[in-house]
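# Survey of secondary and tertiary structure
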Amino acid sequence: MLKNKKTVYFCQECGYESAKWMGQCPGCKTWNTFVEETVSAKKNPSGNLKASEKRQDPVILKDISLSEDERQTTQIGELDRVLGGGIVPGSLVLVGGDPGIGKSTLLLQVCRNLAENQVAVLYISGEESLRQIKLRANRIGDFNDKMQLLCETNLEVIREVIERKKPDVVVIDSIQTMFHEDVSSAPGSVSQVRESTNILMQIAKGMGISVFIVGHVTKEGNVAGPRVLEHMVDTVLYFEGDRHASYRVLRAVKNRFGSTNEIGVFEMCNTGLEEVKNPSEYMLNGRPEDASGSVVACSMEGTRPILVEIQALVCQSNFGIPRRTAVGTDFNRVNLLMAVLEKKVGIHLGTSDAYVNIAGGMKMTEPAIDLGICLAIVSSCKDVVIPDKVMVFGEVGLSGEIRAVSMAGQRVQEAKKLGFETVMLPEVCKSSVGKPEGINLVYVSQIRDAISYIMRK
Ligand code: TYD
Ligand code: MG
């Protein structure tokens, strides 16, 4: 008899498959994430058809027609922006994030708006009871009868309901609770999550239904994370932000129908998530006045410039090894910039602790905030105050040069809009910025020049 069951080991973090157990995953380099799962060898879904019997003809690309108004707006501007202009029919969208960050809330709001627009919506929850969803829905607003609910975790049942009801949009609240009978491992395991996504993909592509999948990001434990299915879906959105702060950032990590790196900013209120239309203003709220170690920098998030306050605290270290932390930005980048300051400017930081923080809990990795990080560190170290109407941006190179960044003009305009008086920017951006009125531009080509500018002030 043919043995059709075997066990393999999967990394719960990224889905890496291995025949034997390993301590560290070669794929994503995390430790202790391998778990054993049984997989049953399945028959080829296309049956026993030979390739010659499944004749397929290619199509001329020019002949494929697209209609303009294909996208369905969610009526939530920030979400539409992240999706690239609305929901594409037949697309599979993964919404990931920590538990409790607001994924269910956002999707329930989307469902409400879609239902108002006469789009048939089916919300399938495997986590909450109908009563619980109703309680949440009451906080969000009134729903019309285009919105249907289903509490189910068996995918075959779900497939049957979708085929019968033919909704336009389906929401699956948490892929980690769904299971398929053919897969022997528990719900939430890598093979279950993959198989479930596969079935949902067939439903989405086959019937032209847009499917939103909720995926919890789990730090540890035996639930497969959403990264396992990133490559299978069309769009991957991640909800980030501190659970204790009220605002949330929705970020597109992958998008087959629009640009990535686009972000949407929301605030959690007691009636659900509210859009934050002007994130820069929101992020700069509550800035300390006349404090050293604080400077406003600008980072492009997709097509939108966002101003944030960068804070640094440099103090004498009491131990042999100085402590450094970076919150909201890359730790190694901060170390690198400190080394540049030490070597190229001669600021002695070797025996100092340094803490760098992007205020508000945003995560920013664009090199354009380098200049901001450097100036915040110097400002704290030398205890000089950078005037609060100054905004800075520019990448800092290893020899202390200030390098060009993209879309300099837009950054300057954003600063002007928010009432800043001076912008410090790379010399090389001079031609691309032009001569905007009503704002003072300070061009710098070396980190040394930038520092002497703030020391003079
Ligand atoms: P939820 O959408 O359940 O998170 P997820 O589905 O990502 O696990 O979010 C729940 C949190 O949001 C919970 O802590 C309560 C809070 N919340 C509000 O503050 N206001 C609201 O109107 C709603 C519905 C939830
Ligand atoms: Mg939820």
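Residues numbered from 1 in each chain as written. Chains lettered and ligands numbered in written order. Predicted model: local features only at pLDDT ≥ 70, side-chain atom pairs only at ≥ 80, totals over all residues. Heavy atoms only, no water.

## Considering the domain arrangement of the chain
For the chain, the assigned domains are domain 1 (2-40), domain 2 (72-277) and domain 3 (282-456). The C-alpha centroid of domain 2 is placed 27 Å from the C-alpha centroid of domain 1. On the domain 2 side, the residues contacting the 13 residues of domain 1 number 15 residues. Here domain 1 packs against domain 2, burying approximately 990 Å² in sum over the two surfaces, 42% of which is carbon and sulfur. On the domain 1 side of the interface with domain 2, the three residues burying the most area are Gln 12, Glu 13 and Glu 37, jointly 48% of the side's total. There are one salt bridge connecting domain 1 and domain 2. (Domains from an automatic or database assignment. Contact = heavy atoms within 4.5 Å. Buried area = accessible area lost by both parts, 1.4 Å probe. Salt bridge = Lys/Arg side-chain N within 4 Å of Asp/Glu carboxyl O.)

## Comments concerning the site of ligand 1
The local shell around ligand 1 holds 16 residues, among which Gly 100, Ser 104, Thr 105, Cys 269 and Gly 272 are the closest. Measuring from an oxygen atom of ligand 1, one finds a side-chain N or O atom of Thr 105 at 2.6 Å. Between Asn 270 and ligand 1, the recorded distance is 3.3 Å, taken from a backbone N or O atom to an oxygen atom. Considered on its own, ligand 1 offers 560 Å² of accessible surface; in the complex 76% of this is hidden by protein. Sort the elements by how many residues they give to the shell around ligand 1 and helix H2 (residues 103-116) lands first, with three residues. Its residues assigned to classes, the shell around ligand 1 comprises four nonpolar, eight polar and four charged. (Near = heavy atom within 4 Å. Polar contact = N/O pair within 3.5 Å; in protein donor to acceptor, adjacent residues only side chain to side chain. Areas by Shrake-Rupley, 256 points an atom, 1.4 Å probe, with all protein chains shown as cover. Helix = DSSP H or I, 4+ residues; strand = E, 2+ residues; numbered from the N terminus. Nonpolar A, V, L, I, M, F, W, Y, C, P; charged D, E, K, R; others polar.)

## As for the pairing of strand S16 (residues 352-358)
Burial within S16 is extensive, with five of its seven residues counted as buried. Of the pairings in the sheet, the one linking strand S14 (residues 304-316) to S16 comprises seven bridges and is antiparallel in character. Considered in S16, the bridge of Ala 312 is made with Val 356. The β-α-β motif built from strand S15 (residues 324-327), the intervening helix H7 (residues 331-345) and the parallel element S16 has left-handed crossover chirality. (Buried < 20%, exposed > 50% of the residue type's maximum accessible area, 1.4 Å probe, protein only. Pairing = 2+ DSSP bridges. Right-handed = clockwise from strand over helix to strand, strands pointing away.)

## Thoughts on the pairing of strand S5 (residues 121-125)
Judged by how many residues are buried, S5 sits mostly within the fold: five of five residues are covered. Taking every second residue as pointing to the same face, both faces of S5 are buried, with Val 121, Tyr 123 and Ser 125 on one and Leu 122 and Ile 124 on the other. Taken together, S5, helix H3 (residues 130-140) and strand S6 (residues 147-151) form a β-α-β motif whose crossover is right-handed. Examined bridge by bridge, S5 and strand S7 (residues 169-173) share five bridges and lie parallel to one another.

## As for the sheet that holds strand S10 (residues 247-255)
Sheets are built from strands that pair by backbone hydrogen bonding, the pairs being arranged parallel or antiparallel. In space, the nine strands of this open sheet follow the order S6-S5-S7-S8-S4-S9-S10-S11-S12, with mixed pairing throughout. Edge positions in the sheet fall to S6 and strand S12 (272-275), since each of these pairs with one other strand and no more. Taking the axes of each pair of neighbouring strands and ignoring which way they run, one obtains an average angle of 25° across the sheet. Where strand S4 (residues 92-97) lies against strand S8 (residues 210-216), six bridges are found, and the strand directions are parallel. Counted as the bridge partner of Gly 97 is His 216 from S8. Contacts between H2 and the sheet are confined to S4, S5, S6, S7, S8, strand S9 (235-240), S10, strand S11 (263-269) and S12, with S5 contributing the most and set at about 160° to the helix. (Axes fitted to C-alpha atoms, helices over the stretch in contact; angles between N-to-C directions.)

## Focus on the packing of H7 against helix H8 (residues 370-382)
Their axes nearest at 10 Å, the elements H7 and H8 cross at an angle of 60°. When the axes of H7 and H8 are compared, the pair comes out oblique. Relative to H8, the crossing made by H7 is right-handed. Where H7 abuts H8, its residues Arg 333, Val 334, Leu 337, Met 338 and Leu 341 lie against Asp 370, Ile 373, Cys 374, Ile 377 and Val 378. Grouping the amino acids of the contact of H7 with H8 by side-chain chemistry returns eight nonpolar, no polar and two charged. (Parallel < 35°, antiparallel > 145°, perpendicular 65-115°, else oblique. Left-handed = near helix turned anticlockwise from the far one by under 90°.)

## Focus on a nonpolar patch on the surface
Residues Val 59, Leu 61 and Ile 64 make up a contiguous nonpolar surface patch of about 350 Å² in total accessible area. Secondary-structure assignment places Val 59 in the loop between strand S3 (34-40) and helix H1 (77-83). Under the relative-accessibility criterion, Val 59 is labelled exposed at 63%. (Patch = residues over 30% accessible without salt bridge, like charges linked within 9 Å, V, L, I, M, F, W, Y side chains within 5 Å.)

## What to know about the sheet that holds S14
Strand order in the open sheet formed by seven strands is S15-S16-S14-S13-S17-S20-S21, with mixed pairing between adjacent strands. Here the strands that pair on one side only, and so sit at the sheet edges, are S15 and strand S21 (440-444). Recorded for the sheet is a direction-independent mean angle of 25° between the axes of neighbouring strands. Helix-sheet contacts for H8 involve strand S13 (294-301), S14, S16, strand S17 (390-392), strand S20 (422-426) and S21, and the interaxial angle to S14 is about 30°. Lying on the sheet, helix H11 (residues 447-456) is in contact with S20 and S21; it crosses S20 at an angle near 165°.

## Quick look at the nonpolar core
Residues Met 362, Leu 371 and Met 424 are the most contacted members of the largest nonpolar core, which totals 48 residues. Sorting elements by how many residues they give to this core places H8 first, with seven residues. In this structure, this core is formed jointly by two domains, domain 2 (72-277) and domain 3 (282-456), each of which donates at least three residues. Discounting residues that sit within four places of it in the chain, Leu 371 has contacts with Val 392, Phe 393, Gly 394, Val 396, Ile 402, Met 424, Val 444, Ile 447 and Ala 450. (Core = buried A, V, L, I, M, F, W, Y, C linked by side-chain atoms within 4.5 Å.)

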